[in-house]
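Overview (structure and organization)
Each chain, letter by letter, is given below.
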There are 2 protein chains.
Amino acid sequence: MSAMLTRDDALDRDRADPLARWRDEFVIADPSLVYLDGNSLGMTPKRTIQRLQSVLADEWATDLIRSWDRWLDMPQRVGDRLAPMIGVGPGEVSVHDSTTINLYQLIDAACALRPDRSVIAVSGGDFPTDRYVVGGIAAARRMEVRDGFDRLDDVAVVVRSVVDYRTAELADVPGETARTTSAGALVVWDLSHAAGVLPVDLGGSGAQLAVGCTYKYLNGGPGSPAFSYVASALQASLPQPIWGWFAQSDQFEMGPTFRPHADIRRVLLGTPSILALAAADEGIGLSAVAGIEAIADKARALTEFGLALCDQLHLRSSTPRDAARRGGHVAVHHRDAKQLVARLAAGNVVTDYRDPDIVRFGCSPLTTRFSDVFDGIAALGALL
Amino acid sequence: MSAMLTRDDALDRDRADPLARWRDEFVIADPSLVYLDGNSLGMTPKRTIQRLQSVLADEWATDLIRSWDRWLDMPQRVGDRLAPMIGVGPGEVSVHDSTTINLYQLIDAACALRPDRSVIAVSGGDFPTDRYVVGGIAAARRMEVRDGFDRLDDVAVVVRSVVDYRTAELADVPGETARTTSAGALVVWDLSHAAGVLPVDLGGSGAQLAVGCTYKYLNGGPGSPAFSYVASALQASLPQPIWGWFAQSDQFEMGPTFRPHADIRRVLLGTPSILALAAADEGIGLSAVAGIEAIADKARALTEFGLALCDQLHLRSSTPRDAARRGGHVAVHHRDAKQLVARLAAGNVVTDYRDPDIVRFGCSPLTTRFSDVFDGIAALGALL
């Protein structure tokens, strides 16, 4: 950057932002709050409050048990709204349970599909629940956990995040899927830090299994259900560790033998929370209507602006400079990061600390303004 | 019964009912509806609507990610409210995930604790998800599934419902726990059709593992989270199939190694839905305040009245006549049960069909009136 960036530059960008109006769809309880943690918990869509009111009063309270006629296929209906944003077709995604459980189910299934292989590969720097779930499955199946993806010839399953939760580095999904597949392994992609901030072309990449989170960029609410993607071709034969009644093909006949659906309903387990699903539906719906390409454009512009501000203030970032290689946040490294995040919060700037030295500035395109990015990074600069 | 029971008898009982006022705590959307399916989905507490509004507007929207300071221990806090109703202490129950997942986790853990045994025993008449989950674990662990509990000498784990979902027969929890334990097996009790309608003395029975549902008699909402009970003595060493980050002792340090909590938090998996937990909390809270002994007294009186009406109308029931041996519903058998349930529903009487020939009249003491039982059973009588 040649000229110094100022707050007016941020405000200019906000005025020119084609997605600016989407912020009005969310509750702004404290206009002075600089919220840069929408990648941990997205803000509250106004529609979600109305929707929950309606589910409680018009569905649960009014129709009671009879509401299951309209609730039963919700995991798939909400999944179908999400599917285009991750490059897959209708009937390939279900929204249910949690990222942890969905990872467990799909990684265990993938291991069962590669019984002649003995290794699960995961990055030692990946998100904890991914690593822990892999560790548990490896212990139960007496498999080996390998840190990293250099050698794949004896690998059954690769577990990888599309966007690194610390640096925001974006993996090469087509390239790594192809390399893994040609080595005879299956890959389970984790889209938790990617879904809703950039388009992921799972289908075009030949990816067959993925999970992700809906409470970050998809604004589904605290602990909203996660999603599972299983490519159509793999659905009918997907092995499962947990045999639950929501996967049963004749669910309400309650027959003696477990005969799971041959479609995406096969990934379902127990009774899903309808309140949580309704909230996820509203959050996902906003991103679907706003358009994932427009959202990704703004994410690139916000993070570009943030990185330029970091340079200007001599802050050190590990987030890739190449916009095509990064997700929706900017990671700033400082040895006092933990204390700095607390001091920022005391000044009404909410960011996130990540071990060991990262201040994470989350840019959630439907709610984050360029002026938020300016104010947040300037506040950090002022503390140093 | 000597004298014929009339609708006036039902109204007399309603007037004398010490729990009658609790129905006012629930939304009555259609006063003409005869709802006898609160054992499938409980009605909507008015407080739940207020609570959800508050969680959405005052917690999520206002404090955003910072709300996790108050949300993080919700599974345990809600569990502690439930604990006295099932005869266990604080710190022994967590409300999380679904009955299916909680069954999977505890049955698999119990199998790991009995590695020298090769059989899982479950009744062929138990609820489907219990049987299916057992089948999946047995397949993965190469164990045998045995139908019934006569022979236990080679059994690792017994999986049993406290109340039979078809007949409402109540198991002998202390006796069967003692018999199973003395045979060297562990029992996982399923309280789904018992919790919130009668007191269960798990602690006094020496039971160490149990799960249950909160969307039936506990009025927690559609698909509300289930619960897990693990006796204190077993918590620190409980093996787990699914290693999730909410069980991790240093959760937010995100360290390399899975080191689960030594307390009840060990059963947690992924991020719980806070909306679903808040609704469960309100439902459970109503039962806790109304008092499980008073609730059980009314359940016995409602089912006693229902059985007397069945006799009067020459309807055949398999529900035990001994009030000490039954839960909160009355099962009527008829070869046309499925059609009869549909015809009752057409007349605004909601009951439940259970394969192959059962019309199930659920009596949920906080919302069901004696006049509902009268109207429901009389309507069935009128159809025959």
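These numbers come from a predicted model, not from an experiment. (Residues numbered from 1 in each chain as written. Chains lettered and ligands numbered in written order. Predicted model: local features only at pLDDT ≥ 70, side-chain atom pairs only at ≥ 80, totals over all residues. Heavy atoms only, no water.)

Residues and elements named next belong to chain B. The mixed open sheet is built from 7 strands, whose spatial order is β2-β8-β7-β6-β5-β3-β4. Every interior strand has two partners, whereas the edge strands, β2 (93–96) and β4 (144–147), have only one. Across this sheet, the average inter-strand angle for adjacent strands is 20 degrees, counted without regard to direction. Sheet analysis places strand β5 (residues 155–161) next to strand β6 (residues 186–190), joined by 5 bridges and oriented parallel. Bridge pairing in β6 links Val 158 to Val 187. Contacts from helix α6 (residues 128–141) reach β3 (119–122), β4, β5 and β6 within the one sheet, and its direction differs from that of β3 by about 175 degrees. Contacting β5 and β6, helix α7 (residues 173–182) runs over the sheet at an angle of about 155 degrees to β6. (Pairing = 2+ DSSP bridges. Helix = DSSP H or I, 4+ residues; strand = E, 2+ residues; numbered from the N terminus. Axes fitted to C-alpha atoms, helices over the stretch in contact; angles between N-to-C directions. Contact = heavy atoms within 4.5 Å.)

All right, on to the interface of chain B and chain A then. Buried accessible area, meaning the area lost when the parts come together, often serves as the stated size of an interface. Taken together, the 70 residues of chain B in the interface contact 70 residues of chain A. In total, about 5800 Å² of surface goes out of reach between chain B and chain A, with carbon and sulfur atoms giving 70% of it. Between the two partners, chain B and chain A, sit 0 salt bridges. For the side of chain B that touches chain A, the secondary structure elements donating two or more residues are α2 (46–63), α3 (68–71), α5 (99–113), α6 and α10 (274–290) of chain B. Broken down by class, the residue content of the side of chain B that touches chain A amounts to 40 nonpolar, 23 polar and 7 charged. (Buried area = accessible area lost by both parts, 1.4 Å probe. Salt bridge = Lys/Arg side-chain N within 4 Å of Asp/Glu carboxyl O. Nonpolar A, V, L, I, M, F, W, Y, C, P; charged D, E, K, R; others polar.)

Glancing now at empty space enclosed by the protein. Within this structure, the stated rule accounts for 4 cavities of 30 Å³ or more. Estimates place the volume of the largest cavity at around 290 Å³. In this structure, the largest cavity is lined by 22 residues; those nearest its centre are Asp 97 and Ser 273 of chain A together with Asp 97, Gly 223 and Ser 273 of chain B. Only α10 (274–290) of chain A together with α10 of chain B provide two or more residues apiece to the lining of the largest cavity. By volume, the second largest cavity amounts to about 170 Å³. In terms of lining, the second largest cavity is formed by 21 residues, of which the most central are Thr 99, Phe 127, Ser 192, Tyr 215 and Lys 216 of chain B. (1 Å grid on protein atoms, 1.4 Å probe; cavity = no way out; pocket = protein on both sides within 12 Å on 5 of 7 lines; lining within 4 Å. Points joined across faces, edges and corners; volume = space filled by probe spheres on them.)

The next thing to look at is the pairing of strand β7 (residues 209–212) of chain B. Residue and element names in this part refer to chain B. Where burial is concerned, the two faces of β7 agree: the one with Leu 209 and Val 211 and the one with Ala 210 and Gly 212 are both buried. Both β7 and strand β8 (residues 226–230) contribute to a ladder of 4 bridges, which runs antiparallel. Bridge pairing in β8 places Gly 212 opposite Phe 227. (Buried < 20%, exposed > 50% of the residue type's maximum accessible area, 1.4 Å probe, protein only.)

It is worth spelling out the sheet that holds strand β9 (residues 316–317) of chain B at this point. All names here are of chain B. Taken in spatial order, the 4 strands of this open sheet run β9-β10-β13-β12, and their pairing is antiparallel. The two strands at the open ends of the sheet, each matched to only one other strand, are β9 and β12 (352–354). Here β12 pairs with strand β13 (residues 358–362) via 3 bridges, running antiparallel. When the sheet's bridge partners are listed, Tyr 353 is paired in β13 with Val 359.

Attention now goes to the pattern of salt bridges. All names here are of chain A. As enumerated under the stated definition, the model contains 54 salt bridges over all chains in all. A salt bridge links Arg 141 to Asp 108; the nearest nitrogen and oxygen atoms lie 3.0 Å apart. With a gap of 33 residues between them, Arg 141 in helix α6 (residues 128–141) and Asp 108 in helix α5 (residues 99–113) connect regions that are remote in the sequence. Take Arg 141: its relative accessible area is 34%, and that puts it in the partly exposed class. Exposure remark for Asp 108: the relative accessible area of 11% places this residue in the buried category. One salt bridge connects Arg 146 with Asp 154, and the closest N-O pair in it is separated by 2.9 Å. Overlapping salt bridges bring together Glu 144, Arg 146, Arg 151, Asp 153 and Asp 154 as one network.

What follows covers the relation of the copies chain B and chain A. Placing chain B over chain A gives an RMSD of 0.0 Å and needs a rotation angle of 180 degrees, together with 0.0 Å of translation along the axis. The superposition of one copy onto the other is thereby described by a two-fold rotation axis. The fraction of interface residues of chain B whose copies in chain A are also interface residues reaches 100%, indicating that both copies meet through the same surface. (Least-squares fit on C-alpha atoms with pLDDT ≥ 70 in both.)

Moving on to the packing of α5 of chain A against α6 of chain A. Residues and elements named next belong to chain A. It is the contact of α5 with α6, at a shortest axis distance of 10 Å, that shows an interaxial angle of 40 degrees. Between α5 and α6, the interaxial angle falls into the category oblique. Our pair here, α5 against α6, has a crossing hand that is right-handed. In this structure, α5 contributes Thr 100, Leu 103, Tyr 104, Ile 107, Asp 108, Cys 111 and Ala 112 to the contact, and α6 contributes Thr 129, Asp 130, Val 133, Val 134, Ile 137 and Arg 141. (Parallel < 35°, antiparallel > 145°, perpendicular 65-115°, else oblique. Left-handed = near helix turned anticlockwise from the far one by under 90°.)

With that settled, consider the nonpolar core. Counting 159 residues, the largest nonpolar core has Trp 189, Leu 191 and Leu 202 of chain A together with Trp 189, Leu 191 and Leu 202 of chain B as the members making the most contacts within it. Membership of the second largest hydrophobic core comes to 58 residues, among which are Leu 209 of chain A together with Ile 101, Leu 103 and Leu 234 of chain B. (Core = buried A, V, L, I, M, F, W, Y, C linked by side-chain atoms within 4.5 Å.)

With respect to the helices, strands and loops of the structure, Thr 271 of chain B is situated in the loop between α9 (232–235) and α10. For Thr 271 of chain B, a relative accessible area of 11% corresponds to the buried category. One polar contact links Thr 271 of chain B to Tyr 215 of chain A, side chain to side chain, over a distance of 2.8 Å. With residues near it in sequence (within four places) discarded, Thr 271 of chain B still touches Ser 98, Tyr 215 and Gly 223 of chain A together with Trp 68, Trp 245 and Phe 246 of chain B. (Polar contact = N/O pair within 3.5 Å; in protein donor to acceptor, adjacent residues only side chain to side chain.)

As a further point, take the pairing of strand β4 (residues 144–147) of chain A. Residues and elements named next belong to chain A. Bridge count between strand β3 (residues 119–122) and β4: 4 bridges; the pairing is parallel. Bridge pairing links Val 122 to Asp 147 in β4. With α6 bridging β3 and its parallel neighbour β4, the resulting β-α-β unit is right-handed. (Right-handed = clockwise from strand over helix to strand, strands pointing away.)

A separate point is the layout of surface pockets. If you add up the space inside the largest pocket, you get close to 960 Å³. Taken together, 45 residues form the lining of the largest pocket, with Ser 40, Asp 352 and Arg 354 of chain A together with Ile 65 and Phe 252 of chain B sitting closest to its centre. Secondary-structure elements contributing two or more residues to the lining of the largest pocket are α5, α6, α12 (337–346) and β12 (352–354) of chain A together with α3 of chain B. With 4 residues, the top contributor of residues to the lining of the largest pocket is α12 of chain A.

Residue and element names in this part refer to chain B. Inspection of the secondary structure assignment puts Cys 363 in the loop between β13 and α13 (370–383). The exposure class assigned to Cys 363 is buried, which follows from its relative accessible area of 1%. Note: C-alpha distance between Cys 363 and Asp 37 (326 residues apart in sequence) is 7.5 Å. Aside from chain neighbours lying at most four places away, what touches Cys 363 is Val 197, Tyr 217, Leu 302, Thr 303, Gly 328, His 329, Thr 368 and Val 373.

Moving on, we come to unusual backbone geometry. For the bond running from Asp 355 of chain A to Pro 356 of chain A, omega is 0 degrees, close enough to zero to count as cis. The phi torsion at Arg 142 of chain B lies on the positive side, around 55 degrees, for a residue other than glycine. Within the element layout of this structure, Arg 142 of chain B appears in the loop between α6 and β4. Backbone geometry at His 314 of chain B places phi at a positive 60 degrees, although glycine is not the residue there. Since its relative accessible area comes to 73%, His 314 of chain B is described here as exposed.

Right, let's talk about the state of the cysteines for a bit. Simply put, disulfide is the name for a covalent bond between the sulfur atoms of two cysteines. Scanning the entire structure with this criterion turns up 0 disulfides over all chains. Distance from the sulfur of Cys 111 of chain A, which forms no disulfide, to the nearest cysteine sulfur (Cys 111 of chain B) is 20 Å. A relative accessible area of 3% places Cys 111 of chain A in the buried class. With no disulfide of its own, Cys 363 of chain B lies closest to Cys 310 of chain B among cysteine sulfurs, the gap being 9.8 Å. (Disulfide = S-S within 2.5 Å.)

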